[in-house]
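# Working through the structure, step by step
So you can see what is in the structure, the chains are spelled out below.
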Amino acid sequence: MAGQSLCGRAAEVAEIEHLVERARAGAGGGVLVLRGEAGIGKTALLDHAAGAAPGMRVLRGGGIEAEAGVPFAALHLLLGEKETQSSEFSGVLPAPQAAALEAALGLTRPRPEDRLLVGLALLTLLSGPPERGPVLVLVDDAQWLDRESADALLFAARRVAARGIVFLFAARDDAAWPRTGLPELRLTGLAPEDARLLLDERAPGTPPGRRDRAVEQARGNPLALIAFAAAESGLLARVPAEFERAVRGLPEPARVLLAVVAADGTGEPGVAVRAAESLGVPFGALEPAEEAGLVAVTRTAIGFRHPLARAAAYQGVPVTRRIAVHRALAAAHARTGDAGPRVRHLSAAALGTDEAVAAELEAAAGDLAGRRAAPSVAAFAYERAARLAGDPEVRARRLVSAAEAELAGGRHERARTLADEAARSAGASETRARVDLVRAGLELEHGVPEAAGRLLLERAASCDDPEVRARMLDEAAFHAWSCGDAETAAQAVDRHPGGSVMVRALSALLGDDFRSARRVLTGGPDGARDERLRLLAAETALLAGDDAGAAELSAQLVARCRDGGLLALLPRGLGVQAWARLFHGAHDDARALAREALRIAEETGQRRQAAALRAVQARQAAIEGDEVRCRALSADGRAGAALGLLALGLGRPEDALEHLQDAHREAAAHAPSAMLALADTVEAAVAAGRPGAGAEPMARLAAFARAAGQPWADGVAARCRALLTADDAEADRHFTLALASHRDGGRPFERARTELLYGEWLRRSRRRARARSRLGAALEAFERLGAVPWAERARGELRAAGQAVRPCDPPGRLTAQEMQVVRLAMTGATNRQIAARLRLSHRTVAYHLYKAFPKLGVASRAELHRYVPAAEPGIEAGIGAGAERPA
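Thresholds, definitions, all that
- Residues numbered from 1 in each chain as written.
- Predicted model: local features only at pLDDT ≥ 70, side-chain atom pairs only at ≥ 80, totals over all residues.
- Heavy atoms only, no water.
- Phe/Tyr/Trp six-rings, centres within 6.5 Å; stacked < 30°, edge-to-face > 60°.
- Helix = DSSP H or I, 4+ residues; strand = E, 2+ residues; numbered from the N terminus.
- Buried < 20%, exposed > 50% of the residue type's maximum accessible area, 1.4 Å probe, protein only.
- Pairing = 2+ DSSP bridges.
- Salt bridge = Lys/Arg side-chain N within 4 Å of Asp/Glu carboxyl O.
- pLDDT = per-residue confidence, 0-100.
- Contact = heavy atoms within 4.5 Å.
- Axes fitted to C-alpha atoms, helices over the stretch in contact; angles between N-to-C directions.

Following the criterion strictly, the structure yields ten aromatic pairs and no others. A ring pair is formed by F735 and Y758, whose centres lie 4.8 Å apart and whose planes are at 15°; its orientation type is stacked. Taken together, the residues F735 in helix α40 (residues 728–742) and Y758 in helix α41 (residues 748–764) connect sequence positions 23 residues apart. On the accessibility criterion, F735 (1% relative accessible area) is buried. The exposure class of Y758 is buried, given its relative accessible area of 3%. Both rings, one in F782 and one in W790, keep their centres 6.1 Å apart while their planes meet at 35°; by these two values the pair is tilted. A residue is classified by how much of its surface remains accessible, and F782, at 0% relative accessible area, is buried. In this structure W790 comes out as buried when scored by relative accessible area, which is 0%. A network of ring pairs unites the aromatic residues F514, F704 and W712 as a single cluster.

Encoded structure:
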């Protein structure tokens, strides 16, 4: 059925459309009461129903608070001018019913006994002759219906089962309209992800900070969400008159204390009590507000019953009083040690130029930045401090600090705006250099990646400050290495005046000395402070083939990024985890991690990183034989290695060789799959009858295996030597060495490929019994990994070796979302904590667990450990970092 979709209301829309469709199809009528708080979206659902009922008569009305005491006022509004003409009733209604309805609508003198017939008359009128078709009756604000209209409407609504009539009532979720016994659907707040979608649709230009605050303050209420997003200042939103009247009717001490609770927003009674004491207001003054139904107070929390009541409470005191409230709250939060609320209240309490407050804000922001925590709060504090500064140079310094914090938090457009503003008034060379550093970081993701390192290399040459120049060269080397520009990275390393950890590590990596690079990155105190060094250590471990080490290091990084809100580095950390889990054979984990990382990268505008993450997904699709998905993910040309692997698995070695010869040239780009592309190239060259094309990749692969010192790498190198040798005895020896290396662990897909290739070689050498052993082991591993084309290849070889094999029967798999939820549940996180982490509703989390348990063969959370295999060190810590355990 056509109709505009509503964010987060798919289930409600489906239920309404089902009722309407039944009536249109002549299968009978129905009734539904939509209940919920003011602004929750009841009217929007009625609007949707009206637009989703082609061919139906639509009557729409509702209760009006001012007319709630006027008999039949709502019925008159519902039937409208045309329906309320007595001529419409003649010939349609029996005379007694017509007389009763005319009296109810004021067309004739009423008689008391007529009221008993009004409901029946309404039902008869709506049923009408068949040629008039089905009817949709929409009644909004049912809590304000006059009693007489409500009686008539409910009488008719209870009798529509066999008629083509649908009643939809919308009513407040309180005692104003009592329970009717009719089917009800209670509307709750939107989940955070749906709230953001609604803002994207209704208020697309909302600044990120205001958008996040609106989502937090509105508690899923669409009306409040739009109001807060449109408001220039937090709680200064348009509110319904009923809330304004309720607040105005309170005593002044209650209004002040209510403003304290509204401005604070944490719901902590202790903070409110301390702020109230400094304002000279007793906490007991809140009682009238509680009696009025504006707030609910417990020993542990104070909460507004409706988000727009909070806005009304904030506006219920004069501006000067609000400033005093914010100052009191800033002092109260200073005692809790929570920098975020204190920064917010300090900012709200300042007007014009106020260097004293600005200095406090800058100090608080500096503390957060030094701890690599809450970059969004630090950016807000720095920017507010800049706006309060009178000195242009001080303002520029604070603005660039805000830009750096926004860059760390992944808000790139905001970082660009602040950096550009800082550049216009920056005079000091250090400030200008810091602007260049921000711009280089933005260039890496949004412009030409190679330009980032070159820009800093060029600007560093003209920088007079040795400390700043060293930092610029550090960043130049890091950016150049990240995008595969080895030449620029080497120049930055050569020009660096000192031996920083970054420079020493990159110097080793440029020489393929993985062991030295890892010693530098993990052995010094700098590595404990700088998340970029943590990231480089994790990526170096992955490049060196140490999947367990990469998993552990990236788990630590991911935990710090989550706790500190460092969204700029979080996708790269998750990407390392995704690669490590894919190489370990945990495909569901890899799928979930890559999906989360890609979502964050796309949300924060990290285009280059998003492309790198799609390479993880493309390789997984290639292993699993999903050709359509693999090609789609490789469309930007950065996943040629995945296309080569796909073609190899599908038995097209010539195509594979063509893709891989391009891909293995990209090894300088430091892709985790680059060295595997060399092995794939050797196999494709031999299978295509062009072994000479495998000589150079073989040499590079052998050098990598020596440098990495990983058993799986030795196994892959030995396997490729076996493929290239023409001597049978030598080939058998290399295959045997390869299997011996694989037994020491690592990368089960590569071991299975070695088993397959050895089995194929044995079968061609007419050693069928030995071949069956190797091929059977390969088949079992490929099926466990979901590597469909490789399993089919092993199955075909087994049949050729004289063994009957069962057809493919792949097990059911968890979806990526189910896997994320399950792994977080294993940390002990509650459904609400998981929902907060993944930005889902807690009901969605419960649904995913409900769907996942049967697939896992478990009945409860307590049994999850029976399914999920032991992970490499740090895997669970990274996925579940920050999730609190239930008490």
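Counting buried positions along strand β1 (residues 30–36) gives seven out of seven residues, so the element sits mostly inside the fold. Burial of β1 is two-sided: the residues G30, L32, L34 and G36 facing one way and the residues V31, V33 and R35 facing the other way are all buried. Where β1 meets strand β4 (residues 165–172), seven bridges bridge the pair, whose relative direction is parallel. Bridge pairing in β4 links V31 to F167. In terms of strand pairing, β1 meets strand β5 (residues 184–186) through three bridges, oriented parallel. Within β5, the residue paired with L34 across the bridge is L185.

Bringing the pattern of salt bridges into the picture now. What the rule picks out here adds up to 50 salt bridges. The partner of E475 in a salt bridge is R532, and the shortest N-O contact between them spans 2.5 Å. With E475 in helix α24 (residues 466–482) and R532 in helix α29 (residues 531–543), this residue pair connects regions lying 57 residues apart in the sequence. For R532, a relative accessible area of 19% translates into the label buried.

Reading fine detail from the predicted coordinates is not recommended where pLDDT is low. Looking at the protein chain as a whole, its pLDDT mean stands at 83, while 89% of the residues score no less than 70. Across the protein chain, the element-wise mean pLDDT spans from 33 in helix α47 (residues 875–880) up to 97 in helix α39 (residues 711–724). Across residues 82–87 the pLDDT falls below 50, and counting only partners more than four positions away or on other chains, this stretch makes 15 contacts in the model. Here residues 868–887 is modelled with pLDDT under 50, and outside its nearest four sequence neighbours on either side it reaches 58 contacts, counting other chains as well.

In space, the five strands of this open sheet follow the order β2-β3-β4-β1-β5, with parallel pairing throughout. Two strands in the sheet have a free side with no partner beyond their single neighbour: β2 (57–62) and β5. If you compare each strand with its neighbour and ignore which way they point, the axes differ by 15° on average. Where β2 and strand β3 (residues 135–140) come together, six bridges link them in parallel fashion. Within β3, the residue paired with L59 across the bridge is V137. Sheet strands touched by helix α7 (residues 147–157): β1, β3 and β4. Its angle to β4, the strand with the most contacts, is close to 135°.

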